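Structure assessment
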Amino acid sequence: QVQLVESGGGLVQAGGSLRLSCAASGRTSSRYVMGWLRQAPGKERESVALSRSGGRSYYLDSVKGRFTISRDNAKNTVSLQMNSLKPEDTAVYYCAADSDAGWGRPDDFAYWGQGTQVTVSS
């Protein structure tokens, strides 16, 4: 089992920045895929940023150039730096982990944090 705890959400004005952090514990591995996913009201959950072993990262098109995922395997943490935030980034953000995570879709992740709210005001 892997336990994930997110922190760092909050309210920010459009154009501002936030940094989300996720602490992993339990049977973690540097080979695990770590991801940040989000769910806005009335919308399906979507994958925002993924970090695979070997330093490979993938981003949702709408956040490319604005969001950066990073991980510290020694500390079992993964972070999401969010810059130039837009109102459409408003959502509950979840940290997720999986040993494989297939295509990186929400259904591909076995372990989830409780989520943290990010609200971007216009």
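Computed from a prediction, not measured in an experiment: that's the story for all the values here.

**Concerning the sheet that holds strand β1 (residues 2-7)**
The pairing of strands in a sheet happens through backbone hydrogen bonds and is either parallel or antiparallel. The antiparallel open sheet is built from four strands, whose spatial order is β1-β3-β8-β7. The open sheet terminates on both sides in strands that have one partner only, identified here as β1 and β7 (67-72). Direction aside, neighbouring strands of the sheet carry axes that sit 15 degrees apart on average. Judged from the six bridges that link them, strand β3 (residues 18-26) and strand β8 (residues 77-82) form a sheet pairing that is antiparallel. Each bridged residue has a counterpart across the sheet, and for A23 the counterpart in β8 is T77.

**Describing the environment of N73**
If you trace the backbone, N73 turns up in the loop between β7 and β8. Engagement of the side chain of N73 in a polar contact is seen with the side chain of R71, the distance being 3.0 Å.

**Some details on the pairing of β1**
Two faces belong to every sheet, and in a regular strand the side chains alternate between them. Judged by which residues are buried, β1 turns out to be one-sided: V2, L4 and E6 face inward and are buried, whereas Q3, V5 and S7, on the alternate face, are not. Here β1 runs beside β3; their pairing, made up of six bridges, is antiparallel. The residue of β3 that forms the bridge with S7 is S21.

**Quick notes on unusual backbone geometry**
Of note in the backbone geometry, S84 takes a positive phi value of approximately 50 degrees without being a glycine. Here S84 shows up in the loop between β8 and β9 (91-98). The phi dihedral of A101 is positive, around 60 degrees, even though this residue is not glycine. By secondary structure assignment, the location of A101 is in the loop between β9 and β10 (111-112). Exposure remark for A101: the relative accessible area of 1% places this residue in the buried category.

**Looking at the state of the cysteines**
Across all of its chains, the model carries one disulfide by this definition. Between C22 and C95 runs a disulfide, and the two sulfur atoms are separated by 2.1 Å. Measuring handedness by torsion sign, the sulfur bridge of C22 and C95 sits at about -75 degrees and is left-handed. Of this pair, C22 sits in strand β3 while C95 sits in strand β9; the two residues are 73 residues apart in sequence, bridging distant segments of the chain. Per residue, the accessibility class of C22 equals that of C95, and both read buried.

Rules behind the numbers
Residues numbered from 1 in each chain as written. Predicted model: local features only at pLDDT ≥ 70, side-chain atom pairs only at ≥ 80, totals over all residues. Heavy atoms only, no water. Pairing = 2+ DSSP bridges. Helix = DSSP H or I, 4+ residues; strand = E, 2+ residues; numbered from the N terminus. Axes fitted to C-alpha atoms, helices over the stretch in contact; angles between N-to-C directions. Polar contact = N/O pair within 3.5 Å; in protein donor to acceptor, adjacent residues only side chain to side chain. Buried < 20%, exposed > 50% of the residue type's maximum accessible area, 1.4 Å probe, protein only. Disulfide = S-S within 2.5 Å.

Fair warning: the whole summary comes from geometry, so function is off the table for now.
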